[in-house]
Structure formats: structure tokens, C-alpha cells
Amino acid sequence: MTIQIKHSRLGSTRIFRCFCLCIQLLTGWNTLLSGQEYIFQVADYGMEEGLSHTDVQSIHQDREGFMWIGTNYGLNRFDGYRFKWFTQEKHGLQTNAVNHILEDDQGWLWLINTGFSTSREVRTIDIFNPVTEQVVSFEEKFKAKLPFAPTDINSFCASDKGQLAFVTKQKKLWIYSSADGFEVHDLGVYPLSVEFFSKHHTIWCHASKTIDKLQDLIVEIDLKGKVVHRYEHAFPFQHNFIAGIDKGDNLWYLSRYWENKRFEKNQKGRIFKIDPSGVEHAFLLEDSALPDGAVNLDMPMIAYQYGFWLNPEKGNFWLYSKGSFLGFDPALGSSQELAATHKELAHSNVVYFDKAGKTWVGTTFGLYVIDLNPNPFQSLAYDPTKESLSAFRGITQDKQNTLWACIDRGKGWLGRFKTTGGAFETEIIGSEKAAWGRGYKYGIFSDEMGNIWFGSGQENIITKYNPENNSLQHFPYQIPGNGQVNIWSFYEDKNGILWFGTDNGVIGHIGADNSVALLPKMENISAKGGCIYQFFEDATGQVWLCTDDGLYQLDVEKKSVMPYHPKGLDFLQSGIYHAHADADGSFWLGSNGLGLLNGIPNQERTFGSPKRTASRTIRFMPFMKMIPAIFGYPQITASINSTNKLPIKSLLGERWYFRP
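Sequence order as written defines the numbering, with residues in each chain counted from 1. Only residues with pLDDT of at least 70 are given local features in this predicted model, and only at 80 or more are side-chain atom pairs given and counted; all residues enter the totals for whole chains, interfaces and linings. With hydrogens and water excluded, all non-hydrogen atoms of the structure serve as input to the side-chain values.

## As for the overall build of the protein chain
Point 1. Broken down by element type, the protein chain carries three helices and 52 strands.
Point 2. A 1.4 Å probe rolled over the protein chains alone gives each residue an accessible area, and that area as a share of the maximum for its type sets the label: buried under 20%, exposed over 50%, partly exposed in between. The proportion of buried residues among the 660 residues of the protein chain is 52%.
Point 3. Every residue pair with non-hydrogen atoms within 4.5 Å of one another is taken to be in contact. The long-range fraction of contacts in the protein chain, counting pairs at least 24 apart against all pairs at least 6 apart in sequence, stands at 46%.
Point 4. Values of accessible area rely on a 1.4 Å probe in the Shrake-Rupley scheme; residue burial ignores everything except the protein chains shown. Of the roughly 31,000 Å² that the protein chain leaves accessible, carbon and sulfur atoms contribute 50%. Secondary structure elements follow DSSP: runs of H or I of four or more residues count as helices, runs of E of two or more count as strands, with numbering from the N terminus.

Right, here's the structure in full:
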């Protein structure tokens, strides 16, 4: 699983955390998919971002695009930057607990208090005008025309056009619009809980055959209360959860059922889709490619411990069950458990989908916004069952625009990817293998003439490949007393001489006569070696070596190497993995154990460059134990022997924030 930390801003002063989790795509019901195709982006909002209360009970987006958040302490309006509160104390709400929000055809919000978000037993209703910000109670608005008491209501829902539907304990269906007021109809089935308006002007409902609160029927009724379709299964015990309606007007629901006893452990599940013509299609969860436990059906039968929602824009589902919060797509067989890394999502009260397809989740710990986007990366030449095909060491490109990649595990691997035509050869095969050399492939390099150089393990050879004539040339080398040595890095100097560094501190070069020569053993290299990770040439022409045993300087004219750790800078004998110089000549060093180092090299040991006014200015940025690549982070904890302080730079341009 890949985890990506993403930076975002809320207004000009607020900071909130995002994390991205890549979905691991498994074999689908109809399609075999591999790699990571999507990422989840999750942003959280709490009281520090301006939310009035962390216990979020209801969410709604109005026709103007504003998000309305009902909490246990008032109503919040969110404009994308800040929250505005509406409370009992300041605006005259009957209660600060806003458990449900409906919008009528005039754009007024019906704020319903039921005690908690999963209950439909209404206590009070406030009607809120979002333009004037005035509040009236349900009783005050309708006065003598009051159709029923709020406490008579046992279910309610709203259409996307602002029609409201209420079912009362008197077995009546009430349809409200501002033009016609309330219309009342007798119900053809009861107990009944209205859930969703369809696009073809019907209402989808939960119903019960015998036991109240047991959702063992799915019923479609018209706007006059008559039954259009009734969906009942032969399971002895069952509980159905309507997820929602997709763009094609198909209803989706999950049925959890028991074949023998109601509370037995071996519960099963099916996802059903009902198309607009009324035909039902079933998907067996136990036969799908979802991982074990992805749809947790083993739980007590308590409605508020279970939730199932469909995102109509994205087509994916969200399932809340017994401490988990899972996103999955049954058509693709992909799933992701978000509560494993963000436990607050396992305490979800409500899930809502905005017009852009983002998922808003209200929990007892705050508000979360989840977006599902395509992963910008795709995996090539990757087989999760073969570890030997996962550690790519080098990538380069020749003048024919062929991309070359090598791997440092297994029996040796070399791949070619031609950007024009899209053909990808997973390895050099057949008769070519022997010619390319056996063993691992480590260093890879493209020189000025367009030749590709490969360092090979298992055989002490360097291979040069000429793409123009498809020819190979081998350069054997032997290091007395060292046995097998692997080429780790390459560098071509201004004279066209190719230099190479090994994984045990040996430096060599290939001359014009194609002979291989080795330099004397580097000073202060440890007995166990000292891998040469990188050759780096700065703006003055000085060549630096990044090694396990610190920073070194290479004189390409004299063909000599010396360590770089003058007095006071002995800490540079620690592992240096990567070097970078910015436009001001300031160095950035990725170290092993000292974090990120930033400063100007000592003027006394710089070859062929003018003396610098600032010397030995080193800044520690130990935000990580080991940094193999260079990024600038504006964080200072120490300054050693500094004469002139340099301005602090951030190569990323913006800070990344992490909140515990």
C-alpha cells in the first residue's frame, strides 16, 4: 500500500491534514486489474478549523453550493474557507442538536431533531431561511394549517427538486411542495420508512413484514402511497440497507441474511441492483474478489452500527460496519479500509455526497471530506508475487528515445521501454542474455555519444551498448583481494573519460584506449567498503563523491581522491547519499543520520574556484533519519562555525504540515 502525505490550506491561516491512500486493486468480477489505479484524498475539519462542535450529525449541500453541517451545537454553513454558526442562543433554534437537514423547493432548510442521526423519531422541526437567516418552528410556519405534529413523524426524505415526503404513525404519506402545500395519501404497506426519491417520480422505502425496525423488505411506492414493486427474499432472517440511486436511476442495496438463526456467526451478504424497469440483479459478496473481512457481516443487529452508501457521481460504495469504514467498488473488485489509518472514520454518523462527487463524512470527532481520484502513476513490469522484480536501481534514456531500466535483484534484469509505439520488453531474453552478462544490474548511464553503460554484478564487467548499431562491448575489471564488486554509479568528465564507483569504495575509469584503471584505495574508507552513491559536479567544475563514509572530492586531472572533512566538519564522515547545489552555490546534502544538511563548502578545499566570503556554514535539518534524495525543508536546529548566515530556502516552495 502506498501512503502519500499531501499539503493543503484552509483559507489564509488554517492548516489541515490530508493523507492519500492508494487502493490495491484486486481481481474484479469481470476484469483482471493490477497495480494501483486510484488514490483517496481525505481532509479533516474540527473545531480548530472553525467547526462549532466535533460531533457532526447531518450534512447537506444547498442549491447555491454552500455546505450545511448539523452538529450537537448548532448549524454550520461552510463556504469552502470558513464556518459560520447558527445556534439556539443567537438565532432562536429550538435545540442546538441538528440531526437531519432537508431542503424544500424554495431553498429553505428543514432542521430536524431526532436525538441522533440514525433515528427517525422526530422531536422538533425548525425551518431556516438561508438568505435572511431567519428561523421559524414547524408549528409557527403552518399554524392553523398544521398537518400533523412533529412527534407523529416516523420517517422523511427529500427529492433533488425539493419535494418532501413524510410518513406518520397514522399510516399516512404526506407530500409537501410550496405550491401545493401538504397532500395526504393512505399507504399500501406499513410499517414503512421512506428513503429516496427516484428520478421516475417514485419513492424507495424500507418496509417490514411483521417485526417493526427489521428491514426485511424493499418497496417502491408512487407519490400517492401505492406499491409499485415489492422485493422480498426467502431468507429466514434478513436486514437490508439501501445505499442510494446511481446516475442511471438504479437503486442499490445490501442484504445481510442468516440461513438458520438470526444471530449466528455465518452471516452472508448480497448486493442488489434494481433497474428503472424494476428488474433486480444480485451480486454475491462471498464470491467476489473482495479481501476477507472487507464486508464485515458478522455483527449484532443494531441499525446504527451499520451503514451502506453509494456515491452516485463516482459509482463507488462506502460501508460502515463494526468499527470499520470501507470504500469499495464491486464492479472492479477494489477496496480500501480507511479506518485502519484514521480511526475517527470508524465512528461515522452520516455520509453525504456533494455535487462534485466528494464524500462528506460526519463523525463524533469532526468532519471529513474524501475524494477519489485516478492515481497519476501506473506500475510497469511489476509482479507482486515476485520480489525479484521490484527493486529498480537505474533509469536512463538513449538518443533514440528508448528508456532503459535495470533491477538489482534476482538473476539480472534489463528492460527497454520505447516511448513511441508503447512496446515494453520486460527483459533481455533468449540469445541476448549471455551477451549482456549475468547477475544483477546496478549502475546505468547514458553518455554524450548516446551509448548506454551498465554495471553488472556476479561478473566483474562493465557493458557498453551502442543503440545505433546494436553492438555490445565489455570491459572486465578485477580488484585484487576484493572478490566480486558491483558498479553503483557512473560519471563522464569534460574530457569524455568515463568514471565509475563501486559498492566497496573503489573508484575507476575507462581510458581512451578502452583500458580500465583503478585509483588507489580512498583515504578513510572503512574496512567494509563505502558505496559510491553519486558523482556530482558543481558549477565550478569540482567533482564530489557521495559515499557511505562521507563526502569526497575527485580531481579528474590528477586522478586523485581525497576526503572532505576539514577541521570542525568531521561529521561529514557520516554517510552522504546525495548532493545538490542551488543557484547560489549553496550545497544540500542528504545524509544518513544527520538529516538534511545545507551550507557552503569550505573555501580552502575548493578546486579552481574563487575564495568565498562565507565558509563552513552548515545547517542541520534532521526531520528524517535518512534522506536518499534532496528536498529543502525550512527547519533549523543548529548552526556550526558560521560566519555569514545564508537565507533559508525551501526547494519545495511550500511547507508540508503534519498533525498528530
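## So, the pairing of strand β13 (residues 153-158)
Point 1. Taken together, the five bridges between β13 and strand β14 (residues 164-168) define a ladder with antiparallel strand orientation. Across the sheet, the residue bridging to Ile153 is Thr168, located in β14.
Point 2. What makes two strands pair is DSSP finding at least two bridges between them. Taking the residues between adjacent antiparallel strands as the criterion, β13 and β14 are bridged by five residues, where Gly162 takes a positive phi near 95°.

## Thoughts on the packing of aromatic side chains
Point 1. Pairing of aromatic side chains here covers Phe, Tyr and the six-membered ring of Trp, requires ring centres within 6.5 Å, and sorts the geometry by plane angle: under 30 degrees stacked, over 60 edge-to-face, intermediate tilted. As enumerated under the stated definition, the model contains 40 aromatic pairs in all.
Point 2. When the centroid spacing of 6.2 Å and the interplanar angle of 90° are considered together, the rings of Tyr73 and Trp85 count as edge-to-face. Here Tyr73 is found in the loop between β6 (67-71) and β7 (74-78), whereas its partner Trp85 is found in strand β8 (residues 83-86), with 12 residues between them in sequence.
Point 3. Judged by centre distance (5.7 Å) and plane angle (85°), the ring pair of Phe142 and Tyr176 falls under edge-to-face. You can see Phe142 sitting in helix α2 (residues 138-142) and its partner Tyr176 sitting in strand β15 (residues 172-177), a full 34 residues away along the chain.
Point 4. For Tyr176, a relative accessible area of 4% translates into the label buried.
Point 5. One aromatic cluster is present, formed by Trp110, Phe138, Phe142, Phe148, Phe166, Trp174, Tyr176 and Phe182 through successive ring pairs.
Point 6. Lying over the aromatic face of Phe156, Arg120 brings its terminal NZ or CZ to 4.8 Å of the ring centre. Think of it as a cone above the ring: NZ of Lys or CZ of Arg counts as a charge over the ring if it is within 6 Å of the ring centre and within 35 degrees of the ring normal.

## Some thoughts on the sheet that holds strand β21 (residues 237-245)
Point 1. Ordered in space as β21-β22-β23-β24, the four strands form an open sheet in which the pairing is antiparallel. Of all strands in the sheet, those bounded by a partner on one side alone are β21 and β24 (280-284). Along the sheet, successive strands turn relative to each other by an average axial angle of 25°, direction set aside. Helix axes use the C-alpha atoms of the stretch in contact, all axes being lines fitted to C-alpha atoms, and the angles between their N-to-C directions lie in the range 0 to 180 degrees.

## Section: the environment of Asn96
Point 1. Looking at where Asn96 falls in the secondary structure, it is placed in the loop between α1 (88-91) and β9 (100-103).
Point 2. Looking at Asn96, the relative accessible area reads 8%, which means it is buried.
Point 3. Considered as a pair, Asn96 and Phe86 are 10 residues apart in the sequence and their alpha carbons are 8.6 Å apart.
Point 4. Leaving out residues up to four positions away in the same chain, Asn96 has contacts with Thr71, Asn72, Tyr73, Gly74, Thr87, Gln88 and Glu89.

## A closer look at the confidence of the model for the protein chain
Point 1. For the protein chain, per-residue confidence averages 76 on the pLDDT scale, and residues scoring 70 or more make up 70% of the total.
Point 2. Each residue carries a pLDDT score, the predictor's own confidence in it, on a scale running from 0 to 100. Long-range and interchain partners of residues 1-36, a stretch whose pLDDT sits below 50, account for 112 contacts in this model, where long-range means more than four residues apart.
Point 3. Predicted confidence is poor over residues 299-304, with pLDDT under 50, and the contacts of this stretch with residues over four places away or in other chains come to 17 contacts.

## A closer look at unusual backbone geometry
Point 1. Note that the residue after Tyr190, namely Pro191, is joined by a cis bond; omega there is 0°.
Point 2. Among the structural elements, Pro191 can be located in the loop between β16 (181-186) and β17 (192-197).
Point 3. The backbone of His201 sits at a positive phi, close to 65°, despite the residue not being glycine.
Point 4. Secondary-structure assignment places His201 in the loop between β17 and β18 (202-207).
Point 5. In the Ramachandran plot, Asn470 falls in the positive-phi region, its phi being about 55° despite a non-glycine side chain.
Point 6. With respect to the element layout, Asn470 can be found in the loop between β38 (461-466) and β39 (471-476).

## Some details on the sheet that holds strand β12 (residues 134-137)
What holds strands together in a sheet is hydrogen bonding between their backbones, with the strands either parallel or antiparallel.
Point 1. Ordered by their spatial adjacency, four strands build an open sheet running β9-β10-β11-β12, and the pairing between neighbours is antiparallel. One side of each edge strand has no neighbouring strand; the edge strands of this open sheet are β9 and β12. The average angle at which neighbouring strand axes cross in this sheet is 25°, direction not considered.
Point 2. Sheet topology places strand β11 (residues 124-129) next to β12; four bridges connect them, and they run antiparallel.

## What about the pattern of salt bridges?
Point 1. By definition here, a salt bridge exists when the distance from a side-chain nitrogen of Lys or Arg to a carboxyl oxygen of Asp or Glu is within 4 Å. Taken as a whole, this structure holds 10 salt bridges when the rule is applied.
Point 2. A salt bridge links Asp79 to Arg82, with the shortest nitrogen-to-oxygen separation between them at 3.5 Å.
Point 3. Using a relative accessible area of 32% as the deciding quantity, one classes Asp79 as partly exposed.
Point 4. Note that Glu313 is salt-bridged to Lys247, the shortest N-O span being 3.3 Å. Here Lys247 lies in the loop between β21 and β22 (251-258) and Glu313 lies in the loop between β25 (306-310) and β26 (317-321), a separation of 66 residues in the sequence.
Point 5. The class of Glu313 is partly exposed, set by a relative accessible area of 38%.
Point 6. Residues joined in a network through salt bridges with shared partners are Arg77, Lys84 and Glu133.

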